[in-house]
Amino acid sequence: MADKRMTQSQFIKKIAAACGVSNKVAKTAVDTYAAVAVAETKKNGVFVLPGLGRLVKVERKARMGRNPATGEAIKIPAKKVVKFRVAKAVKDAIVPPKKKK
């Protein structure tokens, strides 16, 4: 599918070129943005990445599951997970919606 993925250094270079700053400044900005996203999601449970989507902290309830190897019922404990919800505009830009007939 995607043979050539963008590396972090390529991403930093694109940001630096678009903003007209050095690679070091661009890397600092990206690292700070990521750190703020993590801190705010941890503190408030949600962080909006404008134009992309949002990070949301979700609490999963405890539930019963099955061991696929033995078929034995097991209890899966409650836990907290982080989900990324993609903005509708981004979703539609990447995978256009099907037209209704």
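The rules behind each value
Residues numbered from 1 in each chain as written. Predicted model: local features only at pLDDT ≥ 70, side-chain atom pairs only at ≥ 80, totals over all residues. Heavy atoms only, no water. Axes fitted to C-alpha atoms, helices over the stretch in contact; angles between N-to-C directions. Helix = DSSP H or I, 4+ residues; strand = E, 2+ residues; numbered from the N terminus. Parallel < 35°, antiparallel > 145°, perpendicular 65-115°, else oblique. Contact = heavy atoms within 4.5 Å. Pairing = 2+ DSSP bridges. Salt bridge = Lys/Arg side-chain N within 4 Å of Asp/Glu carboxyl O. Buried < 20%, exposed > 50% of the residue type's maximum accessible area, 1.4 Å probe, protein only. Polar contact = N/O pair within 3.5 Å; in protein donor to acceptor, adjacent residues only side chain to side chain.

Asker: Got a sec to walk through the packing of helix α1 (residues 8-19) against helix α2 (residues 23-44)? Specific residues and values, please.
Answerer: Their axes nearest at 8 Å, the elements α1 and α2 cross at an angle of 110°. In terms of orientation, α1 and α2 fall into the roughly perpendicular class. Of α2, the residues touching α1 (which contributes Q8, F11, I12, K13, I15 and A16) are N23, A26, K27, V30 and D31.

Asker: Break down the pairing of strand β3 (residues 63-66) for me, with residues and values.
Answerer: Consecutive residues of a regular strand have side chains that alternate between opposite faces of the sheet. Pairing between β3 and strand β4 (residues 73-76): 4 bridges, direction antiparallel. When the sheet's bridge partners are listed, G65 is paired in β4 with I74. The antiparallel hairpin formed by β3 and β4 contains 6 residues in its connecting segment, where G71 sits at a positive phi of about 80°.

Asker: How would you summarise the pattern of salt bridges if you had to cite specific residues and measurements?
Answerer: Two side chains with opposite charge may pair up if their charged atoms get near one another. In the structure shown here, the tally under the stated rule is 2 salt bridges. Between K27 and D31 there is a salt bridge, with its nearest N and O atoms 3.3 Å apart. With K27 and D31 both in helix α2 and 4 residues apart, this pair spans about one turn of that helix. Assessed through its relative accessible area of 36%, D31 is described here as partly exposed. Salt-bridge contacts for D92 lead to K88; the nearest nitrogen and oxygen are separated by 2.7 Å. Placement of both D92 and K88 in helix α3 (residues 88-94) is noted, with a separation of 4 residues, approximately one turn of the helix. The partly exposed category is assigned to D92, whose relative accessible area is 27%.

Asker: Summarise the side chain of T41; cite the residues concerned and give the values.
Answerer: Note that T41 resides in helix α2. A distance of 2.7 Å separates a polar side-chain atom of T41 from the backbone oxygen of A37. Among all residues touching T41, those that are not within four sequence positions of it are V46, F47, L55 and K57.

Asker: How would you sum up the sheet that holds strand β1 (residues 46-49)? Please name residues and give values.
Answerer: If you walk across this open sheet you meet the 3 strands as β1-β2-β5, and the pairing is antiparallel. For this open sheet the edge positions go to β1 and β5 (79-86), each flanked by a neighbour on one side alone. Going from strand to strand, the sheet's axes swing by 25° on average, the running direction of each strand aside. Examined bridge by bridge, β1 and strand β2 (residues 53-60) share 4 bridges and lie antiparallel to one another. Across the sheet, residue V46 finds its bridge partner in β2, namely V56. Sheet contacts for α2: β1 and β2; angle to β1, the most-contacted strand, approximately 145°.

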